[in-house]
Amino acid sequence: YLKLDCLQPSGSFKDRGMGHLCLTLQQQDAKKKNDNNNNDNENNDNPTTTTQFISSSGGNAGLAVAATGQALSGCQVHVIVPETTKPLVIDKLRQTYG
């Protein structure tokens, strides 16, 4: 039995951890929004339905959050990279995840 993390979208093991974290946070966010809508007596014409993930990584963690956000519906991802990030990583983020 082998875990071939090199075959993950980001090329590392971080996809599994970030995937679990983002899915858990999205579920908690949805529950919180549902609870707020049930307790809110006023009619909200424009409820927010997007979960936002912000990553400050110029490496595999940033790529993993971007891949997870793309896989989950109703998510918006912002990856903030340091100035020292390799151009290859920036290009992969832009080309693959917008």
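Residues numbered from 1 in each chain as written. Predicted model: local features only at pLDDT ≥ 70, side-chain atom pairs only at ≥ 80, totals over all residues. Heavy atoms only, no water.

Help me out: how do you make sense of the overall build of the chain in this one?
Per the secondary structure count, the chain includes three helices and two strands. From first element to last, N terminus to C terminus, the chain shows the α and β order α-β-α-β-α. Buried residues in the chain amount to 28% of all 98 residues. Contacts in the chain between residues far apart in sequence, at least 24 positions, make up 64% of those at least 6 positions apart. In the structure as shown, the chain presents an accessible area of about 7200 Å², 50% of it carried by carbon and sulfur atoms. (Helix = DSSP H or I, 4+ residues; strand = E, 2+ residues; numbered from the N terminus. Buried < 20%, exposed > 50% of the residue type's maximum accessible area, 1.4 Å probe, protein only. Contact = heavy atoms within 4.5 Å. Areas by Shrake-Rupley, 256 points an atom, 1.4 Å probe, with all protein chains shown as cover.)

Before we go on, may I ask you to explain helix 1 (residues 14-39) in this structure?
Every α-helix carries 3.6 residues per turn, so stepping three or four residues along brings you back to the same face. Between its first and last C-alpha, helix 1 extends 37 Å over 26 residues, near the 38 Å set by a 1.5 Å rise per residue. When helix 1 is considered as a whole, its buried residues turn out to be Asp-15, Gly-19, Cys-22, Gln-26 and Asp-29. Against strand 1 (51-55), helix 2 (60-71) and strand 2 (75-79) lie the buried residues of helix 1. (Expected span 1.5 Å × (residues − 1).)

Just checking my understanding: could you explain the side chain of Ser-12 for this structure?
Note that Ser-12 resides in the segment before helix 1. Within the structure, Ser-12 has its side chain in polar contact with the side chain of Ser-10 (distance 3.3 Å). (Polar contact = N/O pair within 3.5 Å; in protein donor to acceptor, adjacent residues only side chain to side chain.)

Quick question: what am I supposed to make of helix 3 (residues 87-97) here?
The set of residues buried in helix 3 consists of Val-89, Leu-93 and Tyr-97. Take helix 3 and look down its axis: the buried residues cluster within an arc of 40°, on one side only. Exposed residues lying more than 90 degrees from the buried face of helix 3 are Pro-87, Leu-88, Arg-94 and Gln-95. Summarising the contacts, the buried residues of helix 3 are in contact with helix 2 and strand 2. Just downstream of helix 3 lies Gly-98, where phi reads positive at about 85°. (Arc of directions from axis to C-beta.)

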